[in-house]
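What the coordinates show
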Amino acid sequence: MGANYPVFLEQAQLPCSPCPGMEQKSRLGWRVLLPTLCLLPRVEFVQLASEEADVVNLGQGFPDFSPPEFAVEAFQHAVSGDFMLNQYTKAFSPTQKGEPDSSSNWQLDPTELASKFTSRTKAFILNTPNNPLGKVFSKEELELVASLCQQHDVVCISDEVYQWMVFDGFQHISIASLPGMWERTLTIGSAGKTFSVTGWKVGWVLGPDSLMKHLRTVHQNSIYHCATQGQAAVAQSFEREQLHFGRPSSYFVQLPQYIQRCRDHMIQSLQSMGFRPVIPQGSYFLITDISDFKNKMPDLPGAAGEPYDRRFVKWMIKNKGLVAVPVSIFFSLPHQKFFDHYIRFCFVKDESTLRAMDQKLQKWKAELTP
């Protein structure tokens, strides 16, 4: 093709029109897609942040503090120990307006949800604790989803990568634990979120063999494999956690306590600047209402028809040195207009990063003071 691009081959229709220079056709009739920013809108904001000299990145969901020592030691042992850990994985798996808004106020509408299930529905994707909202779905809400899945014979794909990051006494419940749901649920977990090692890119899926056998086929013929040492280190980290589970020494106890302090710090700082955060029950993230800014600065520069939250984030990165992610990118085109007054911040950051955020916000506030 004359250029050293990674390529993706597909035959399905794109959900939107390709960007100029993005699509070429091979002689076999396959469409060759060259990676562009249009494919992943959030990449545009990451790129914009990297171009600015002095910004505080509160947009991307990665901790900028060290992972626990036991996880690092497990990885070091995996790299330098058994030479077979440098080969393909041997199937490692874990052993056994007044008051601030809250993500708990965002409720599923039973009638609306039921209307989305038809004879053509094959799968339901659930994310709890939720990104970007930070909502932890209640047992009652999960029972509603479970009932509909069973009624319509639907598989539930449950993304629970933030299961250990739950605050304020809320409890994470796995939908697979509800009656009649194990046999129709695939539960997704992430070592990156569980042990604060997002760069390891190790995860897992739990489920009945009737579903897992199909995932194994797809995995074998697509991803195939990820670093064996990383998987070994994750398995050892889980073994360590089993010994400390439920105790003050457990990382699963310590991490949410630390993250909740970070969350509370960010909420207070954002409120002091006039943002209206929706207080999350879990996850890495919070969203904040920017309606007041939209009313005061309605005409920020941007492309025709570009949602306000995207224009606001670009303006904030360039002019205030703070990075966030516009919430509208999580929605399909017809629904983006309903959520263009929210932006997402990641609060799983080191104290030094949060202090740098404070300085940016205080400077911004001072500029508004007559």
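Residues numbered from 1 in each chain as written. Predicted model: local features only at pLDDT ≥ 70, side-chain atom pairs only at ≥ 80, totals over all residues. Heavy atoms only, no water.

1. A short note on the packing of helix H10 (residues 308–320) against helix H11 (residues 351–368)
Taken N-terminus to C-terminus, the directions of H10 and H11 make an angle of 95 degrees; their axes are 12 Å apart at the nearest point. What the angle tells us is that H10 and H11 run roughly perpendicular. Across from Phe312, Trp315, Met316 and Lys320 in H10, the residues of H11 making contact are Lys360, Trp364 and Glu367. When grouped by side-chain class, the residues that make up the contact of H10 with H11 number four nonpolar, no polar and three charged. (Axes fitted to C-alpha atoms, helices over the stretch in contact; angles between N-to-C directions. Helix = DSSP H or I, 4+ residues; strand = E, 2+ residues; numbered from the N terminus. Parallel < 35°, antiparallel > 145°, perpendicular 65-115°, else oblique. Contact = heavy atoms within 4.5 Å. Nonpolar A, V, L, I, M, F, W, Y, C, P; charged D, E, K, R; others polar.)

2. Notes on the packing of aromatic side chains
Both the distance between ring centres and the angle between the ring planes are used here to describe each pair of aromatic rings. For the coordinates displayed, the defined rule picks out 22 aromatic pairs. Between Trp164 and Phe245 the ring centres are 5.9 Å apart and the planes differ by 80 degrees, which places this aromatic pair in the edge-to-face class. One end of the pair, Trp164, is in the loop between strand E6 (155–159) and strand E7 (185–190); the other, Phe245, is in the loop between helix H7 (228–244) and helix H8 (251–272), with 81 residues separating them in the sequence. Each member of the aromatic cluster is reached from another via a ring pair, and the members are Phe275, Phe293, Tyr308, Phe312, Trp315, Phe345 and Trp364. Sitting over the face of the ring of Phe137, Lys135 holds its NZ or CZ atom 5.3 Å from the ring centroid. Stacked on the ring of Phe285, the Lys or Arg Arg344 has its end atom at 3.6 Å from the ring centre. (Phe/Tyr/Trp six-rings, centres within 6.5 Å; stacked < 30°, edge-to-face > 60°. Lys NZ or Arg CZ within 6 Å of the ring centre and 35° of its normal.)

3. Describing unusual backbone geometry
Between Thr128 and Pro129 the backbone carries a cis peptide bond, its omega angle lying at -10 degrees. Mapped onto the elements, Pro129 comes out in the loop between strand E5 (123–127) and helix H4 (139–151). The linkage connecting Asn131 with the following residue, Pro132, adopts the cis geometry, with an omega of 20 degrees. Looking at the secondary structure, you find Pro132 in the loop between E5 and H4.

4. Examining the environment of Phe65
As for its placement among the helices and strands, Phe65 is situated in the loop between strand E4 (56–57) and helix H2 (69–80). Ignoring any residue separated from it by four or fewer positions in sequence, one finds Phe65 in contact with Ser196, Tyr251, Leu255, Tyr258, Val348, Lys349 and Asp350.

5. Considering the pattern of salt bridges
Under the criterion given, the structure shown has 13 salt bridges. Residue Arg276 pairs with Asp289 through a salt bridge whose shortest N-O separation is 3.6 Å. One end of the pair, Arg276, is in strand E9 (residues 276–278); the other, Asp289, is in strand E10 (residues 285–289), with 13 residues separating them in the sequence. On the basis of relative accessible area, Asp289 is assigned to the buried category, the value being 11%. A salt bridge links Asp340 to Lys294, with the shortest nitrogen-to-oxygen separation between them at 3.0 Å. Of the two residues, Asp340 sits in the loop between strand E12 (325–326) and strand E13 (342–346) while Lys294 sits in helix H9 (residues 291–296), which places them 46 residues apart along the sequence. We classify Asp340 as buried; its relative accessible area is 10%. In this structure Lys294 comes out as partly exposed when scored by relative accessible area, which is 27%. Counted as one network, the salt bridges with shared partners bring together Asp168, Arg263 and Asp264. (Salt bridge = Lys/Arg side-chain N within 4 Å of Asp/Glu carboxyl O. Buried < 20%, exposed > 50% of the residue type's maximum accessible area, 1.4 Å probe, protein only.)

6. Some points on H10
Every α-helix carries 3.6 residues per turn, so stepping three or four residues along brings you back to the same face. For H10, which comprises 13 residues, the first-to-last C-alpha distance of 17 Å matches the rise-based estimate of 18 Å (1.5 Å per residue) to within 8%. Where burial is concerned, most of H10 is hidden: eleven out of the 13 residues are buried. Taken as a whole, H10 has its buried residues at Tyr308, Asp309, Arg310, Arg311, Phe312, Val313, Lys314, Trp315, Met316, Ile317 and Lys320. Phi turns positive, to about 70 degrees, at Gly321, one or two residues after H10. (Expected span 1.5 Å × (residues − 1).)

7. Thoughts on the sheet that holds E9
A sheet is described by the order of its strands in space; here four strands give the open sequence E9-E10-E13-E12, paired in antiparallel fashion. Two strands bound the open sheet, and with one partner strand each, they are E9 and E12. Note: E9 against E10, three bridges, orientation antiparallel. Looking at E10, one finds that Val278 is bridged to Ile287. Helix-sheet contacts for H10 involve E12 and E13, and the interaxial angle to E13 is about 45 degrees. (Pairing = 2+ DSSP bridges.)

8. With respect to the side chain of Lys135
With respect to the helices and strands, Lys135 occurs in the loop between E5 and H4. Owing to a relative accessible area of 4%, Lys135 belongs among the buried residues under this scheme. At a separation of 3.0 Å, a polar atom in the side chain of Lys135 contacts the main-chain carbonyl oxygen of Trp106. Those residues within four positions of Lys135 in sequence are excluded, and the remaining contacts are Ser103, Ser104, Trp106, Gln107, Thr128, Pro129, Asn130, Glu141 and Gln281. (Polar contact = N/O pair within 3.5 Å; in protein donor to acceptor, adjacent residues only side chain to side chain.)

9. Describing the nonpolar core
If you look at the biggest cluster of nonpolar residues, it comprises 52 residues, and the most contacted ones within it are Met266, Phe275, Phe312, Met316, Ile343, Phe345 and Trp364. Counting residues per element, the ones that place at least two in this core are H2, H7, H8, E10, H10, strand E11 (322–323), E13 and H11. Ranked by the residues each element gives to this core, the list is headed by H8, at nine residues. Met316 has contacts with Phe275, Gly321, Leu322, Ala324, Ile343, Phe345 and Trp364, leaving out every residue within four places of it along the chain. (Core = buried A, V, L, I, M, F, W, Y, C linked by side-chain atoms within 4.5 Å.)

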